[in-house]
Amino acid sequence: MCGIVAYTGIRPALPILISGLKRLEYRGYDSAGIAVETKDRIVIRKSKGKVKELSGLLGEDETDLAESNCGIAHTRWATHGPPTTENAHPHAGGKNGIALVHNGIIENHRALRDKLTAAGYLFLSETDTEVLAHLVDSLYQGDLLDAVIAALKEVEGTFGIACMVHAEPGTLIVARRGSPIVLGVGENGTIVASDASAIIKHTRQAIYLDDNDVAQIKGSELDIRSLDAGSVSRQPAEIDWSADAAEKGGYEHYMLKEIFEQPESIRNTLRGRLDSNRGNALLSGLNLNPRELAELHRVLIVGCGTSMNAGLVGEYAIEDFAGVLAEVEQAAEFRYRNPIVNSSDLVVAISQSGETADTLAAVREATDKGALVSGLVNTVGSTIARETGRGVYLHAGPEISVASTKAFTSQVSVLLMMALKFARSRRMSRDAGCQFVKEIKAIPGLVERVLEQNDAIAKVAERYLDQTSAFFIGRGYMYPVALEGALKLKEISYIHAEGYHAAELKHGPIALLEKDVPVIALCNDGPGKDKTLGNVAECQARDSRVLGIVTEGDSEAIATVDDHITVPACPLHTAVVPSTVALQLLSYHIARLKGCSIDQPRNLAKSVTVE
Ligand code: G6P
């Protein structure tokens, strides 16, 4: 995700850059850096850790830095290469004194790196960004705007960038494709940032760049071009958020922002990993050769909390499509019960943070037992990512809210891709693989359709505020959704909630059903629906109000339940994602209406690093 700030104008740049970075730290905080223009050269300072570590590197007596009126800055959330000082931005390009910061992923970085290495460029970091810095340098012939435009035409992937060169004092070039860039235009200069929170202190006039826009900025003068269409005009808009709201992108809570980010975060997870022609998933980070894939005896999935719930979807999909034995297990239990694991087993450790103590212990136990161990992790460079050495990064961006949302939907997306990959290495035909690829690619659009119902879901939530207890039921692929729905509700609204298999309800919990104990039933159209509707009737016969998650246009299900939220029609293995998003919104609105501390619920921690 990363945060970018840049300034050019008549004021000292350094304080603007540092305070801007602090506002953007929520976007990533594993390392930070600045580049400022001085009389003789561009000075780059960077450091591992938070912005305050970087501030410590800037001596108060360094007048050349303090007097600079132009600079760029970055706070990083690692994607390529672990969070080290070398990998921190800005990156310097070649000999021309170019400095560049970047947010996004350059997908063809390997090919570009090879080309630039052959041309004599020396790489100091493992990042995709340094490739871009050198590429701009290689194309520089005295006009940075031209060089950046030429470079971006060679680039595949996403970027928000800011860059400068010593030979063109007071000039910044910025550009975007996929990653946001906003320009705060003031009388004393222009502030560039990844979002409005970093500029709001200085100006409320903002120009939001469109995809493929490239802008040259000299003080308050702007020259905006489109990569495809020459000069373009972009009108400033008035920002009417408070600084705090701006940091959350205008959302009231990080959780809501992260729920709404899901179409984008899932697209980032899928990007470059699905092959529509061969009907397969790439997932090269798993590092399994065709023979290892074919000989895979069993997939053992370990994780905690939401990550474990995602694992259960993986278990179902891997057995369903690939015919490979799969099991999900609580990471906390794994090392203490002396599990049977051997070298033909693939252990998949799922963790948003990559630091959860029990999951890490399971990784170590599985490694000691000789299994192939892989990580399915969001945070690049985290301990689980490093210790497994193979796996798949989620690329979902930083998740700030303690209750996990976008990590779950990205985890499920990766597990579906794994199921596809394992299936294609066995009996799944190319045609069936192509169909699976289509279904996975449709997921972000399905999520968008659920998000459109946010207001309607908020209305439904009003009817489920006052209860102290609730049950979530589902079967098949919808069983893990019931578990995750119940977990979300209890985490943030403090309503006691349990997820059960719809059939299992009769083996105990049904004794608790009565008028004020509602049931949330996953009644998506597909195998098992009729049986679940039968369970719904049993709950209603005990006076429970039933809220159904139903498929759009399914009049039978809609007529059966008392309230409903619809999800678009799709196969059940992908319906997991939009159905979970519907339940995330339901929990969010119940907690909001109850006035709970949504982003930091009592007693919980984002990352549990003790047993
Ligand atoms: C904590 C968090 C949960 C998360 C779980 C596992 O309990 O509050 O949201 O699902 O840890 O975390 P991990 O980072 O390993 O996915």
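Small disclaimer: the values here were computed from a predicted structure and weren't measured.

Caption draft 1: Looking closely at helix α1 (residues 13-24). Over its 12 residues, α1 runs 16 Å from end to end, which matches the ideal 16 Å to within 8%, given 1.5 Å per residue. Close packing links the buried residues of α1 with β1 (3-9), β2 (31-37), α2 (51-56), α3 (63-66), β4 (70-76) and β10 (189-193).

Caption draft 2: Region of the structure containing the packing of helix α15 (residues 406-424) against helix α22 (residues 572-594). Look at α15 against α22: their axes get within 10 Å of each other, and the N-to-C directions meet at 175 degrees. Considered as vectors, α15 and α22 are oriented roughly antiparallel to each other. The residues of α22 that touch α15, namely those facing Phe408, Thr409, Val412 and Leu416, are His573, Thr574, Val576, Val577, Thr580, Val581 and Gln584. Broken down by class, the residue content of the contact of α15 with α22 amounts to six nonpolar, five polar and no charged.

Caption draft 3: Molecular detail of the side chain of Lys46. Mapped onto the elements, Lys46 comes out in strand β3 (residues 42-48). Those residues in contact with Lys46 that sit more than four places away from it in its chain are Ala32, Gly33, Leu54, Leu57, Thr85, Glu86, Ala88, His89, Pro90 and His91.

Caption draft 4: Layout of unusual backbone geometry. Here the residue pair His89 and Pro90 is connected by a cis peptide bond, since its omega of 0 degrees sits within 30 degrees of zero. Mapped onto the elements, Pro90 comes out in the loop between β4 and β5 (91-93). The phi angle at His395 is positive, at roughly 55 degrees, despite the residue not being glycine. Position of His395 relative to the elements: it lies in the loop between β22 (391-393) and α15.

Caption draft 5: Representation of the sheet that holds strand β20 (residues 345-351) within the structure. What the five strands build is an open sheet, ordered β19-β18-β20-β21-β22; its pairing is parallel. Edge positions in the open sheet fall to β19 (325-330) and β22, since each of these has one partner strand only. Going from strand to strand, the sheet's axes swing by 20 degrees on average, the running direction of each strand aside. Sitting on the sheet, helix α11 (residues 305-322) touches β18 (298-303), β19 and β20, and the angle it makes with β19 is about 170 degrees. Lying on the sheet, α15 is in contact with β18, β20, β21 (372-377) and β22; it crosses β20 at an angle near 165 degrees.

Caption draft 6: Broad picture of the site of the ligand. Of all residues adjacent to the ligand, which total 13 residues, the nearest are Ser307, Ser351, Gln352, Ser353 and Thr356. Here an oxygen atom of the ligand sits 2.6 Å away from a polar atom, N or O, in the side chain of Ser351. Here an oxygen atom of the ligand sits 3.2 Å away from a polar atom, N or O, in the main chain of Val402. In isolation the ligand has 390 Å² of accessible area, and contact with the protein removes 90% of it. The element contributing the most residues to the shell around the ligand is α11, with three residues. Residue composition of the shell around the ligand, grouped by class: four nonpolar, eight polar and one charged.

Caption draft 7: The domain arrangement of the protein chain, seen in detail. Splitting the protein chain by domain gives domain 1 (3-239), domain 2 (247-441) and domain 3 (450-611). For domain 2 versus domain 3, the distance between C-alpha centres works out to 24 Å. Contacts between the two partners involve 42 residues from domain 2, matched on the other side by 35 residues from domain 3. Buried area between domain 2 and domain 3, both sides added, is near 3200 Å², and the carbon and sulfur share of it is 65%. Among the residues domain 2 hides against domain 3, the three largest losses belong to Met255, Tyr316 and Val402. Together they make up 19% of the total. There are zero salt bridges connecting domain 2 and domain 3. Along the contact surface separating domain 2 from domain 3 lie 13 residue pairs in polar contact (both at pLDDT 80 or more).

Caption draft 8: Seen up close, the pattern of salt bridges. Taken as a whole and judged by the stated rule, the model has 30 salt bridges. The partner of Asp563 in a salt bridge is Arg463, and the shortest N-O contact between them spans 2.3 Å. With Asp563 in strand β27 (residues 563-567) and Arg463 in the loop between α18 (454-461) and β23 (469-474), this residue pair connects regions lying 100 residues apart in the sequence. On the basis of relative accessibility, which here comes to 5%, the residue Asp563 falls in the buried class. The partly exposed category is assigned to Arg463, whose relative accessible area is 42%. Between Glu484 and Lys488 there is a salt bridge, with its nearest N and O atoms 2.7 Å apart. With Glu484 and Lys488 both in helix α19 (residues 478-493), this residue pair falls four residues apart, about one helical turn.

Reading guide: rules and limits
Residues numbered from 1 in each chain as written. Predicted model: local features only at pLDDT ≥ 70, side-chain atom pairs only at ≥ 80, totals over all residues. Heavy atoms only, no water. Helix = DSSP H or I, 4+ residues; strand = E, 2+ residues; numbered from the N terminus. Expected span 1.5 Å × (residues − 1). Contact = heavy atoms within 4.5 Å. Axes fitted to C-alpha atoms, helices over the stretch in contact; angles between N-to-C directions. Parallel < 35°, antiparallel > 145°, perpendicular 65-115°, else oblique. Nonpolar A, V, L, I, M, F, W, Y, C, P; charged D, E, K, R; others polar. Pairing = 2+ DSSP bridges. Near = heavy atom within 4 Å. Polar contact = N/O pair within 3.5 Å; in protein donor to acceptor, adjacent residues only side chain to side chain. Areas by Shrake-Rupley, 256 points an atom, 1.4 Å probe, with all protein chains shown as cover. Domains from an automatic or database assignment. Buried area = accessible area lost by both parts, 1.4 Å probe. Salt bridge = Lys/Arg side-chain N within 4 Å of Asp/Glu carboxyl O. Buried < 20%, exposed > 50% of the residue type's maximum accessible area, 1.4 Å probe, protein only.

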